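Summary of structural features
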Amino acid sequence: MSDGDLISELYAGCFRRLVVQLYAVTGDLTEAQEAVQEAFTRALVSPRRFAALENPEAWLRRVAVNWARSRYRRRRVLDGLLRRIGPPPAVADHSPEHLALLAALRVLPEGQRHALALHYLVDLPVDEVAATLGVSSGTVKSRLSRGRVALAALLADTDTPDATSTGTSTGTRCATDATETGRIDVRS
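Residues numbered from 1 in each chain as written. Predicted model: local features only at pLDDT ≥ 70, side-chain atom pairs only at ≥ 80, totals over all residues. Heavy atoms only, no water.

**Describing unusual backbone geometry**
Counted only if it meets this: Going along the chain from the N terminus, every DSSP run of H or I of four or more residues is numbered as a helix, and every run of E of two or more is numbered as a strand. Think of it in three bands: residues with accessible area under 20% of the maximum for their type are buried, residues over 50% are exposed, and the middle band is partly exposed, with areas taken using a 1.4 Å probe on protein chains only.
One non-glycine residue, Asp 123, lies in the positive phi region at around 65°. Relative to the helices and strands, Asp 123 is located in the loop between α6 (110-121) and α7 (126-133). What makes Asp 123 exposed here is its relative accessible area of 61%.

**Here we look at helix α2 (residues 29-45)**
As a reminder, the rule being used: Every helix has an expected span of 1.5 Å times one less than the residues it contains. Any N or O atom pair separated by 3.5 Å or less is treated as a polar contact, with the protein-specific requirement of one donor-capable and one acceptor-capable atom, and with residues adjacent in sequence counted only for side-chain atom pairs.
Relative to the 24 Å expected for 17 residues at 1.5 Å per residue, α2 spans 25 Å between its end C-alpha atoms, a close match to the ideal helical length. A distance of 3.3 Å separates the backbone nitrogen of Thr 30 from a side-chain oxygen at the start of α2, and that oxygen is part of Asp 28.

**Quick word on the packing of aromatic side chains**
Aromatic rings considered in pairs are described by the distance between their centres and by the relative angle of their planes. What counts, and what does not: Put simply, two rings from Phe, Tyr or Trp (the six-membered ring, in Trp's case) pair if the centres are within 6.5 Å, and we call them stacked under 30 degrees between planes, edge-to-face over 60, tilted for the rest.
Counted by the stated rule, this structure contains four aromatic pairs. The interplanar angle of 75° and the centroid separation of 4.9 Å between the aromatic rings of Tyr 11 and Phe 40 together place this pair among those described as edge-to-face. Taken together, the positions of Tyr 11 in helix α1 (residues 3-26) and Phe 40 in helix α2 put the pair 29 residues apart, joining distant regions of the chain. By relative accessible area, which is 4% here, Phe 40 ends up buried. Look at Phe 50 and Trp 59: their rings are 5.4 Å apart centre to centre, the planes differ by 65°, and that puts the pair in the edge-to-face class. According to the relative accessible area criterion, Phe 50 is buried, its value standing at 2%. When its relative accessible area of 26% is taken as the criterion, Trp 59 is described as partly exposed.

**Here's the deal with the packing of α2 against helix α4 (residues 56-85)**
Let me state the cut-off plainly: To define axes, lines are fitted to C-alpha atoms, for helices over the stretch in contact only, and angles between the resulting N-to-C directions are given on a 0 to 180 degree scale. In what follows, roughly perpendicular refers to angles from 65 to 115 degrees, roughly parallel to angles under 35, roughly antiparallel to angles over 145, and oblique to any angle outside these ranges. By definition, any crossing whose near helix is turned counterclockwise from its far helix by less than a right angle is left-handed, and any crossing with a clockwise turn is right-handed. A contact between two residues is defined here by any heavy atoms of the two lying within 4.5 Å. As a working rule, the residues Ala, Val, Leu, Ile, Met, Phe, Trp, Tyr, Cys and Pro are called nonpolar, Asp, Glu, Lys and Arg charged, and the rest polar, with Gly in that last group.
One way to put it is that α2 packs onto α4 with a least axis distance of 8 Å and a crossing angle of 125°. The pairing of α2 with α4 is recorded here as oblique in orientation. Read as a crossing pair, α2 and α4 show a hand that is right-handed. For the pair formed by α2 and α4, the contact residues are Glu 31, Glu 34, Ala 35, Val 36, Glu 38, Ala 39, Phe 40, Arg 42 and Ala 43 on the first element and Trp 59, Leu 60, Val 63, Ala 64, Trp 67, Ala 68, Arg 71 and Arg 75 on the second. When its residues are assigned to classes, the contact of α2 with α4 shows 11 nonpolar, no polar and six charged.

**What to know about the pattern of salt bridges**
For side chains of opposite charge, pairing can occur when their charged atoms come near one another. Formally: A side-chain nitrogen of Lys or Arg and a carboxyl oxygen of Asp or Glu constitute a salt bridge if their distance falls within 4 Å.
Throughout the structure, instances matching the rule amount to six salt bridges. For Arg 71, the salt bridge is made with Glu 31, and the minimal N-O distance between the two is 3.1 Å. In this pair, Arg 71 is assigned in helix α4 and Glu 31 in helix α2, connecting sequence segments 40 residues apart. Judged by its relative accessible area of 8%, Glu 31 is buried. Arg 75 is paired through a salt bridge with Glu 31; the nearest N and O atoms lie 3.1 Å apart. Here Glu 31 lies in helix α2 and Arg 75 lies in helix α4, a separation of 44 residues in the sequence. Of the residues examined, Arg 75 reaches a relative accessible area of 35% and is grouped as partly exposed.

**As for the side chain of His 119**
Along the chain, the position of His 119 falls in helix α6. From its side chain, His 119 meets the backbone oxygen of Leu 124 in a polar contact 2.9 Å long. Not counting residues up to four positions away in its chain, the partners in contact with His 119 are Leu 124, Pro 125, Val 126, Val 129 and Leu 144.

**As for the packing of α6 against α7**
Interaxial distance between α6 and α7 falls to 9 Å at its minimum, and their mutual angle equals 135°. Our classification of the angle between α6 and α7 gives oblique. In terms of crossing hand, the pair formed by α6 and α7 is right-handed. Counting all contacts with α6, which are made through His 114, Ala 115, Leu 118 and His 119, the residues of α7 involved are Val 126, Val 129, Thr 132 and Leu 133. Looking at the contact of α6 with α7, its residues break down into five nonpolar, three polar and no charged.

The following block contains the structure:
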């Protein structure tokens, strides 16, 4: 019997049994399944050494329990850190202006949208935006410039009364007007 066949046979024969045992340890079915899968993954790393074990199921159980305990300890540390930091920031503003801005950003080409978000919302300098996006600083500056112009045009279009009187959605109206006038460069 090959090493791969041994692991396949063990998986078919004891996966469920190990999951039930780990479920008793973790109290969470998903966590138990992940722990057992991790144990089998580690067995696949060195199948010859695994095949030489006297009791492979016991080894799998031990690896799964250790993995679950380590994950529990890491989660406790993270929970403690999160409690020290305090509650998460307030939910985003749902004012009409904020929603119009988000709708206009969705219409922009991806490059412009990413550059605008990283520079103005995350407050990254141009060089860091360039490094994050994997482009040159000049490209970021160009995308920022074009994005600001397109965003201003889109937001000005949402303020006009005919945007609501035509019965079209704001996002569709903005995209149509912007592309018809050539204000958005899709290459950026």
